[in-house]
Amino acid sequence: METAAAPDDLDQVVAQRVRELRAAKGLTLDQLAALSGVSRAMISRIERAEASATAVLLVKLGAALGVTLGTLFEKPQPKPDPVRRAATTAVRTDPETGYTRRNVAPPNASGTDIVEVMLPAGKRVAYDNIVVIPVEQFVWVLEGTLTLSYDGLVTDLGPGDCRVMRLDYPLVFENRTDQPARYCVVLVPNTSGGLRR
């Protein structure tokens, strides 16, 4: 039975994926830096697995490369397994906020990502410089309370509540309570161009 990857292993996977995706698009470090708003030096450190990048930086890189954050944590598989086991799935802890994330959907599941997230009490994650990708994001709260700020609208979500939005405006996830908030983020490709707010 496989064991879950250690955080250092995840940094290696991210390094490899960023290098591969950048090469596949024919981008130099400078070009990726210009597209993503992430410095050339930081991208270079990420590609050498010398930096454990924050989720905010990885979202910017993923968007510039045309992929979701979850894709950066997946090793390409020629024949994906239709089952993902929780016991063998790596959990990544964001170095800035301490929030944890774990990919839930099996790799290459029709382009849909399902991610389980735990945001510690009193923490916030702000995605300020969104690069628009055609994805709808569903945020479904499992435990605790989560506050979302999107397109000028602030929404409090409790257990069982779900919010849908496009990845086209700055977005803030915030836990204003003294208890952790656990939620799922489901990213679904949307090529229809319709906008749900």
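Higher on the page you've got the structure.
Residues numbered from 1 in each chain as written. Predicted model: local features only at pLDDT ≥ 70, side-chain atom pairs only at ≥ 80, totals over all residues. Heavy atoms only, no water.

Some points on the sheet that holds strand β9 (residues 171-174)
Step number 1: Here 4 strands make up an open sheet; going across it, the order is β4-β9-β6-β7 and the pairing antiparallel. Each edge of the sheet is formed by a strand with only one pairing partner; in this case those strands are β4 (124-127) and β7 (153-157). The average undirected angle you get between the axes of adjacent strands in this sheet is 10°.
Step number 2: Two elements, β4 and β9, share 4 bridges in a ladder whose sense is antiparallel. Residue pairing for β9: Tyr 127 is matched across the bridge by Leu 171. (Pairing = 2+ DSSP bridges. Helix = DSSP H or I, 4+ residues; strand = E, 2+ residues; numbered from the N terminus. Axes fitted to C-alpha atoms, helices over the stretch in contact; angles between N-to-C directions.)

Concerning the side chain of Glu 74
Step number 1: Mapped onto the elements, Glu 74 comes out in the loop between α4 (55-65) and β1 (92-93).
Step number 2: At 2.8 Å, the side chain of Glu 74 forms a polar contact with the side chain of Asn 103.
Step number 3: Dropping the residues within four chain positions of it, Glu 74 is found in contact with Val 13, Arg 17, Arg 84, Asn 103 and Pro 107. (Polar contact = N/O pair within 3.5 Å; in protein donor to acceptor, adjacent residues only side chain to side chain. Contact = heavy atoms within 4.5 Å.)

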